[in-house]
Amino acid sequence: MKARVIAYYLPQFHPIPENDEAWGPGFTEWTNVAKAKPLFRGHYQPRIPADLGFYDLRLPEVREQQANLAREAGIEGFCYYHYWMGNGKLLLQRPFQEVLQSGRPDYPFCLCWANHEWTTRTWQNGGKEKVIAPMVYNGEEDYTAHFYYVLSAFKDKRYITVDGLPLFSIYDPYHFADVEAFMALWRRLALENGLPGIHFSAMINNTTTIKRAGDGSLKRVIPNTENSSEVFSDILSLGFDSITSYGKARGEMLFKGKYRRIMTKYIHKHLPFLPALRYNYPETVRHFFAPEDQWENVFPVVIPQWDRTPRAGKGEGVYINATPANFEKHLSTAINIIKDKTDEHKIIFIKSWNEWGEGNYIEPDEKYRHGFLDAIKNVLGK
């Protein structure tokens, strides 16, 4: 086996009351995608979907088409972003709930708990930030309710496992001070409910500016672009089974220079009239992987493209030359990094299947058609 390729999946493409209240009736991810404009010569905007059109994830036939495209490319399954905000509050749950309840599509999946607050900053260029839904950690009773909400998913035959355990990712382990108690409780509840356990994976930047102390407090640190040993070891010591290693910050620091990147992002945040930041995709992604991405329990992340200007304006940075051919090389590098791991742990995450508002997707569009899907098929078929 070359790789177990899993793609993150955003269930944001249907209206929900919270977004209707914040933005007006009918708001979805497509709202900003469709109105995007090019900011410089050759800037690929707006990005127009091809085969699937401006779809609505409430339609089961759309979800079937997505699974068929992913399966044909060799992708093992989708990792659905899962929004449990605490106190039983859910967001964007309908598409996955319908996949679970209907048994369709018959295509593997797992969950990534997107444990971050829901704010207007995600889709608003400037203006005062408003919290749409806070992220609340309310202790054992709420953690137990959360477990029983996802239990039927864990027991579904489609659920993706690692070493026989259902794979559950946590998006932000840093700001979850109680994460050790949470994982211990879920492992106990898993055994009590006929599961062999749970494989917890922490999604973190392999080069980071924050460090988590034993009491859960955070402090700012100078990012280490040489290796990620301390970063990974600190998180694994909390009880995680694996690290999902995200190298975007590392790649950008090594492409532009550590301090230059920090400074330019700060300046663009406060001077929005400046030209859009640009990163050369092949030169940036070649720095994505830390030496420790070769560890048996580390799962590297690859990105096909990146352009958050529809959501966040010019300060986030646009990846130019993000073509299917260059993505194919990026994925090939990742596969070479994991080649000596056991088959079960040859996991690579793609971020993402359909983050159109971040210009971060592999679904067909009007420019590249099936190019990014074909790139995956080419690499896995070699």
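Because the structure is a prediction, the values reported are computed rather than measured.

Some details on the pattern of salt bridges
Here is step 1 of the chain: Enumeration over the complete set of coordinates arrives at 26 salt bridges.
Here is step 2 of the chain: Note that K157 and D106 form a salt bridge whose closest N and O atoms lie 3.1 Å from each other. Taken together, the residues span a long stretch of sequence, with K157 in the loop between α5 (140-154) and β7 (161-162) and D106 in the loop between α4 (94-102) and β4 (109-113) at a distance of 51 residues.
Here is step 3 of the chain: Within the structure, one salt-bridge network assembled from shared partners comprises E29, R308, R311, E316, K351, E355 and E358.

Points about the pairing of strand β14 (residues 298-302)
Here is step 1 of the chain: By the criterion of burial, β14 is predominantly enclosed, with 5 of the 5 residues buried.
Here is step 2 of the chain: Alternating residues of β14 divide into V298, P300 and V302 and F299 and V301, and every residue in both groups is buried.
Here is step 3 of the chain: Of the pairings in the sheet, the one linking strand β12 (residues 242-246) to β14 comprises 3 bridges and is parallel in character. Bridging across to β14, I243 finds its partner in V298.

Overview of the side chain of S228
Here is step 1 of the chain: In this structure, S228 sits in the loop between β11 (218-220) and α7 (229-236).
Here is step 2 of the chain: There is a polar contact of 2.5 Å between the side chain of S228 and the backbone oxygen of N206.
Here is step 3 of the chain: If we ignore the near neighbours within four places in the chain, the residues touching S228 are N206, A290 and E292.

Here we look at the nonpolar core
Here is step 1 of the chain: I75, F168, W186, F240 and W353 are the most contacted members of the largest nonpolar core, which totals 115 residues.
Here is step 2 of the chain: Apart from the residues lying within four places of it in its own chain, the contact partners of F240 are I170, P173, V179, M183, F200, S201, A202 and I235.

Observations concerning the layout of surface pockets
Here is step 1 of the chain: Roughly 300 Å³ of internal volume is contained in the second largest pocket.
Here is step 2 of the chain: Lining the second largest pocket are 22 residues; nearest its centre among them are I210, K211, E230, V231 and D234.
Here is step 3 of the chain: Only β10 (210-212) and α7 provide two or more residues apiece to the lining of the second largest pocket.
Here is step 4 of the chain: Broken down by element, the residue count for the lining of the second largest pocket peaks at 4 residues, all from α7.

Side note on the packing of aromatic side chains
Here is step 1 of the chain: Following the criterion strictly, the structure yields 45 aromatic pairs and no others.
Here is step 2 of the chain: Centre to centre, the rings of Y80 and F96 are 5.1 Å apart; their planes meet at 50°, and the pair counts as tilted. In this pair, Y80 sits in strand β2 (residues 77-86) while F96 sits in helix α4, placing the two residues 16 residues apart along the sequence. Take Y80 and F96: they sit in the same class, and that class is buried.
Here is step 3 of the chain: When the ring of F109 is compared with that of Y159, the centres are 5.7 Å apart and the planes differ by 90°; the resulting orientation is edge-to-face. With F109 in strand β4 and Y159 in the loop between α5 and β7, this residue pair connects regions lying 50 residues apart in the sequence. Both residues of the pair, F109 and Y159, belong to the buried class.
Here is step 4 of the chain: Geometry around F40 places R278 over its ring, the cationic atom sitting 3.9 Å from the centre.
Here is step 5 of the chain: One Lys or Arg, K367, reaches over the ring of Y44 and ends 4.9 Å from the middle of that ring.

Topic: the pairing of β12
Here is step 1 of the chain: Among the 5 residues that make up β12, 5 are buried, leaving the element largely enclosed by the rest of the structure.
Here is step 2 of the chain: Of the strand pairs in this sheet, strand β9 (residues 199-205) and β12 are connected by 5 bridges, and their pairing is parallel. Bridge pairing in β12 links A202 to I243.

Things to note about the packing of helix α8 (residues 248-256) against helix α9 (residues 258-270)
Here is step 1 of the chain: Running from N to C, α8 and α9 point in directions that differ by 105°, and their axes come no closer than 6 Å. Relative to α9, α8 is oriented roughly perpendicular. On α9, the residues touching A249, E252, M253 and K256 of α8 are K258, R260 and R261.
Here is step 2 of the chain: When grouped by side-chain class, the residues that make up the contact of α8 with α9 number 2 nonpolar, no polar and 5 charged.

Rules and cut-offs
- Residues numbered from 1 in each chain as written.
- Predicted model: local features only at pLDDT ≥ 70, side-chain atom pairs only at ≥ 80, totals over all residues.
- Heavy atoms only, no water.
- Salt bridge = Lys/Arg side-chain N within 4 Å of Asp/Glu carboxyl O.
- Helix = DSSP H or I, 4+ residues; strand = E, 2+ residues; numbered from the N terminus.
- Buried < 20%, exposed > 50% of the residue type's maximum accessible area, 1.4 Å probe, protein only.
- Pairing = 2+ DSSP bridges.
- Polar contact = N/O pair within 3.5 Å; in protein donor to acceptor, adjacent residues only side chain to side chain.
- Contact = heavy atoms within 4.5 Å.
- Core = buried A, V, L, I, M, F, W, Y, C linked by side-chain atoms within 4.5 Å.
- 1 Å grid on protein atoms, 1.4 Å probe; cavity = no way out; pocket = protein on both sides within 12 Å on 5 of 7 lines; lining within 4 Å.
- Points joined across faces, edges and corners; volume = space filled by probe spheres on them.
- Phe/Tyr/Trp six-rings, centres within 6.5 Å; stacked < 30°, edge-to-face > 60°.
- Lys NZ or Arg CZ within 6 Å of the ring centre and 35° of its normal.
- Axes fitted to C-alpha atoms, helices over the stretch in contact; angles between N-to-C directions.
- Parallel < 35°, antiparallel > 145°, perpendicular 65-115°, else oblique.
- Nonpolar A, V, L, I, M, F, W, Y, C, P; charged D, E, K, R; others polar.

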